[in-house]
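# Structural features, examined
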Amino acid sequence: MIEEGMADIANKSCITFRPRDGDEYAVIIQGTSSGCFSNVGNSMSDDGDNIKQVLNLAKGCFRHGTVVHEMLHTLGFYHMQSSYNRDEYVAILWENISENHKHNFKKYTNDTVTDFGVRYDYGSVMHYPDTAFSINKNKTIVPLQVALKQTSTKMNQHQNTRGRKVGSSRVI
Ligand SMILES: [Zn+2]
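Residue numbers here run from 1 along each chain, matching the order of that chain's written sequence. Given that the model is predicted, a residue must reach a pLDDT of at least 70 before its local features are reported, and side-chain atom pairs must reach 80 or more before they are shown or counted; all residues, however, enter totals for whole chains, interfaces and linings.

### Comments concerning the UniProt feature "binding site: Zn(2+)" (unreviewed entry) in the protein
- UniProt positions are given in the numbering used here, feature names are shortened, and annotations may be inferred rather than shown by experiment. The residues that UniProt annotates with the feature "binding site: Zn(2+)" (unreviewed entry) are H69, H73 and H79.
- Per the convention used, a helix needs a DSSP run of H or I reaching at least four residues, while a strand needs a run of E reaching at least two, with both numbered from the N terminus. The topology assignment puts H69 in helix 2 (residues 64–74).
- Whether a residue is buried, exposed or partly exposed follows from its count of other C-beta atoms within 10 Å of its own C-beta, namely 20 or more, 12 or fewer, or something in between, respectively; the C-beta atoms are built from the backbone. You can call H69 buried: it has 27 C-beta atoms within 10 Å.
- Relative to the assigned elements, H79 resides in the loop between helix 2 and strand 4 (90–92).
- Contact between two residues is assigned whenever their backbone-derived C-beta positions fall within 7 Å. Excluding its chain neighbours within four sequence positions, the residues that come into contact with H79 are M126, H127 and Y128.

Next comes the structure, spelled out in C-alpha coordinates:
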(Lines give C-alpha, C1' and ligand atoms only; values in the text may rest on other atoms or scores of the structure.)
Protein backbone atom coordinates (compact mmCIF):
# COMPACT_ATOMS: atom_id res chain seq x y z
CA MET A 1 0.00 0.00 0.00
CA ILE A 2 2.94 2.33 0.62
CA GLU A 3 4.22 1.57 -2.87
CA GLU A 4 0.75 2.17 -4.31
CA GLY A 5 0.68 5.56 -2.62
CA MET A 6 4.05 6.48 -4.12
CA ALA A 7 2.94 5.23 -7.54
CA ASP A 8 -0.23 7.31 -7.39
CA ILE A 9 1.71 10.48 -6.59
CA ALA A 10 4.38 9.71 -9.21
CA ASN A 11 1.75 9.10 -11.89
CA LYS A 12 0.05 12.44 -11.24
CA SER A 13 3.10 14.64 -10.79
CA CYS A 14 6.73 15.09 -11.72
CA ILE A 15 7.84 13.43 -8.48
CA THR A 16 9.81 10.22 -8.53
CA PHE A 17 10.66 8.07 -5.53
CA ARG A 18 13.73 5.92 -5.22
CA PRO A 19 15.47 3.92 -2.51
CA ARG A 20 18.06 5.72 -0.44
CA ASP A 21 21.53 5.71 -1.95
CA GLY A 22 24.30 5.35 0.63
CA ASP A 23 23.93 7.75 3.54
CA GLU A 24 22.13 10.54 1.67
CA TYR A 25 19.31 12.38 3.37
CA ALA A 26 16.08 10.38 3.17
CA VAL A 27 12.72 9.93 4.80
CA ILE A 28 12.31 7.06 7.21
CA ILE A 29 8.97 5.32 6.74
CA GLN A 30 8.09 3.57 9.97
CA GLY A 31 5.16 2.24 11.95
CA THR A 32 6.75 2.19 15.36
CA SER A 33 4.88 5.14 16.89
CA SER A 34 1.12 5.35 17.15
CA GLY A 35 -0.81 7.47 14.70
CA CYS A 36 -0.35 8.73 11.17
CA PHE A 37 1.97 11.73 10.91
CA SER A 38 4.83 13.21 8.98
CA ASN A 39 7.22 16.11 8.97
CA VAL A 40 6.23 18.74 6.43
CA GLY A 41 8.91 18.95 3.77
CA ASN A 42 12.64 18.47 4.07
CA SER A 43 13.48 18.58 7.76
CA MET A 44 17.24 18.87 7.45
CA SER A 45 18.48 21.85 9.42
CA ASP A 46 20.21 24.79 7.71
CA ASP A 47 23.61 23.75 9.03
CA GLY A 48 23.19 20.34 7.45
CA ASP A 49 22.49 18.42 10.64
CA ASN A 50 20.84 15.18 9.73
CA ILE A 51 17.65 15.51 11.69
CA LYS A 52 15.54 12.41 11.24
CA GLN A 53 12.69 12.90 8.84
CA VAL A 54 9.95 10.47 9.70
CA LEU A 55 6.75 9.35 8.04
CA ASN A 56 4.89 7.22 10.56
CA LEU A 57 2.11 4.92 9.45
CA ALA A 58 0.68 2.86 12.29
CA LYS A 59 -1.76 0.02 11.82
CA GLY A 60 -4.87 2.19 11.40
CA CYS A 61 -3.24 4.35 8.69
CA PHE A 62 -3.41 1.84 5.88
CA ARG A 63 -6.04 3.46 3.72
CA HIS A 64 -4.94 4.76 0.35
CA GLY A 65 -6.10 8.33 1.04
CA THR A 66 -4.32 8.41 4.39
CA VAL A 67 -1.04 7.05 3.00
CA VAL A 68 -1.10 9.61 0.15
CA HIS A 69 -2.07 12.38 2.61
CA GLU A 70 0.93 11.69 4.86
CA MET A 71 3.29 11.32 1.89
CA LEU A 72 2.19 14.72 0.60
CA HIS A 73 3.08 16.17 4.02
CA THR A 74 6.51 14.57 3.61
CA LEU A 75 6.82 16.28 0.22
CA GLY A 76 6.02 19.68 1.73
CA PHE A 77 2.25 20.06 1.51
CA TYR A 78 0.25 21.53 4.39
CA HIS A 79 -3.47 20.99 4.86
CA MET A 80 -5.81 22.62 2.40
CA GLN A 81 -7.64 24.41 5.21
CA SER A 82 -4.34 25.91 6.44
CA SER A 83 -4.18 28.06 3.33
CA TYR A 84 -3.74 31.82 3.81
CA ASN A 85 -7.00 32.42 1.91
CA ARG A 86 -9.05 29.70 3.56
CA ASP A 87 -11.39 32.21 5.26
CA GLU A 88 -12.84 32.92 1.82
CA TYR A 89 -13.75 29.25 1.46
CA VAL A 90 -14.42 27.76 4.90
CA ALA A 91 -15.54 28.85 8.34
CA ILE A 92 -13.81 27.20 11.28
CA LEU A 93 -16.26 26.54 14.13
CA TRP A 94 -13.81 26.98 17.01
CA GLU A 95 -16.47 26.30 19.65
CA ASN A 96 -16.67 22.67 18.47
CA ILE A 97 -12.91 22.05 18.64
CA SER A 98 -11.17 21.00 21.83
CA GLU A 99 -8.50 23.36 23.10
CA ASN A 100 -5.58 20.97 22.54
CA HIS A 101 -6.54 20.36 18.91
CA LYS A 102 -7.00 23.97 17.86
CA HIS A 103 -3.42 24.03 16.52
CA ASN A 104 -4.58 21.67 13.75
CA PHE A 105 -6.63 24.50 12.28
CA LYS A 106 -3.78 26.97 12.13
CA LYS A 107 -3.61 29.21 9.10
CA TYR A 108 -0.34 30.00 7.32
CA THR A 109 0.48 33.26 5.60
CA ASN A 110 1.45 33.36 1.96
CA ASP A 111 5.06 33.86 3.06
CA THR A 112 4.95 30.23 4.21
CA VAL A 113 2.54 28.59 1.80
CA THR A 114 1.59 29.03 -1.83
CA ASP A 115 -1.17 27.50 -3.90
CA PHE A 116 0.81 27.97 -7.13
CA GLY A 117 -2.33 29.54 -8.59
CA VAL A 118 -4.44 26.44 -8.01
CA ARG A 119 -7.89 27.18 -6.64
CA TYR A 120 -9.00 26.07 -3.17
CA ASP A 121 -10.09 22.42 -3.44
CA TYR A 122 -12.76 21.14 -1.07
CA GLY A 123 -12.15 17.63 -2.37
CA SER A 124 -8.40 17.66 -1.78
CA VAL A 125 -6.90 14.68 -0.04
CA MET A 126 -5.22 17.34 2.12
CA HIS A 127 -8.56 18.73 3.33
CA TYR A 128 -9.89 17.70 6.73
CA PRO A 129 -13.36 16.19 6.89
CA ASP A 130 -16.06 18.52 8.16
CA THR A 131 -16.17 17.07 11.68
CA ALA A 132 -12.38 16.75 12.20
CA PHE A 133 -11.40 17.04 15.89
CA SER A 134 -14.98 17.74 16.92
CA ILE A 135 -15.71 17.54 20.64
CA ASN A 136 -19.46 17.18 20.13
CA LYS A 137 -19.88 15.56 16.67
CA ASN A 138 -20.91 18.93 15.28
CA LYS A 139 -19.09 20.35 12.30
CA THR A 140 -15.73 22.02 12.76
CA ILE A 141 -15.32 23.15 9.15
CA VAL A 142 -18.16 24.55 7.06
CA PRO A 143 -17.82 25.37 3.35
CA LEU A 144 -18.71 28.94 2.42
CA GLN A 145 -18.87 28.46 -1.33
CA VAL A 146 -21.40 25.70 -1.69
CA ALA A 147 -21.46 25.76 -5.49
CA LEU A 148 -17.70 25.31 -5.58
CA LYS A 149 -17.84 22.52 -3.03
CA GLN A 150 -20.33 20.64 -5.18
CA THR A 151 -17.94 20.67 -8.09
CA SER A 152 -15.26 19.10 -5.91
CA THR A 153 -15.34 15.52 -4.85
CA LYS A 154 -16.51 14.79 -1.35
CA MET A 155 -14.80 16.72 1.41
CA ASN A 156 -14.49 13.60 3.49
CA GLN A 157 -11.75 11.76 1.66
CA HIS A 158 -9.40 12.20 4.55
CA GLN A 159 -11.48 10.50 7.20
CA ASN A 160 -8.64 9.24 9.25
CA THR A 161 -7.70 12.04 11.55
CA ARG A 162 -6.53 9.73 14.29
CA GLY A 163 -3.02 10.12 15.46
CA ARG A 164 -1.13 12.62 17.44
CA LYS A 165 1.16 15.47 16.88
CA VAL A 166 4.74 14.70 17.73
CA GLY A 167 7.14 17.60 17.71
CA SER A 168 6.38 21.04 16.42
CA SER A 169 6.87 20.39 12.74
CA ARG A 170 4.91 17.20 12.49
CA VAL A 171 1.30 17.07 11.51
CA ILE A 172 -1.25 14.36 11.04
ZN1 LIG B 1 -2.51 15.86 7.67
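### What to know about the packing of helix 1 (residues 2–11) against helix 2
- Only the contacting stretch of a helix is used when fitting its axis, a line to C-alpha atoms as for every element, and angles between N-to-C directions run 0 to 180 degrees. In the contact formed by helix 1 and helix 2, the axes pass within 9 Å of each other and the chain directions differ by 65°. Pair helix 1 / helix 2 crosses with right-handed handedness. Together, I2, E4, G5, M6, D8 and I9 of helix 1 and H64, V67, V68 and M71 of helix 2 make up the contact between the two elements.
- Split into classes, the residues belonging to the contact of helix 1 with helix 2 amount to 6 nonpolar, 2 polar and 2 charged. For any pair of crossing helices, the crossing counts as left-handed if the nearer helix is rotated counterclockwise from the farther one by less than a right angle, and right-handed if it is rotated clockwise. Gly counts as polar in this scheme, as do all residues outside two lists: the nonpolar Ala, Val, Leu, Ile, Met, Phe, Trp, Tyr, Cys and Pro, and the charged Asp, Glu, Lys and Arg.

### Describing the pairing of strand 2 (residues 36–39)
- On strand 2, burial covers both faces: C36 and S38 on one face and F37 and N39 on the other are all buried.
- Pairing between strands is defined by DSSP: at least two bridges between the two strands are required. Here 3 bridges tie strand 2 to strand 3 (residues 53–57), and the two strands are oriented antiparallel to one another. Its bridge partner lying in strand 3, S38 is registered against L55.

### What about the nonpolar core?
- One nonpolar core equals one set of buried Ala, Val, Leu, Ile, Met, Phe, Trp, Tyr and Cys residues connected by C-beta atoms within 7 Å. Grouped together as the largest cluster of nonpolar side chains are 9 residues: C36, F37, L55, L57, C61, V67, V68, M71 and L72.
- At the level of secondary structure, the elements contributing two or more residues to this core comprise strand 2, strand 3 and helix 2.
- Sequence-distant contacts of V67, that is, excluding residues within four places in its chain, are made with M1, I2, G5, L57, C61 and F62.
- Counting 7 residues, the second-largest nonpolar core is a separate cluster that includes M80, Y89, V90 and A132.

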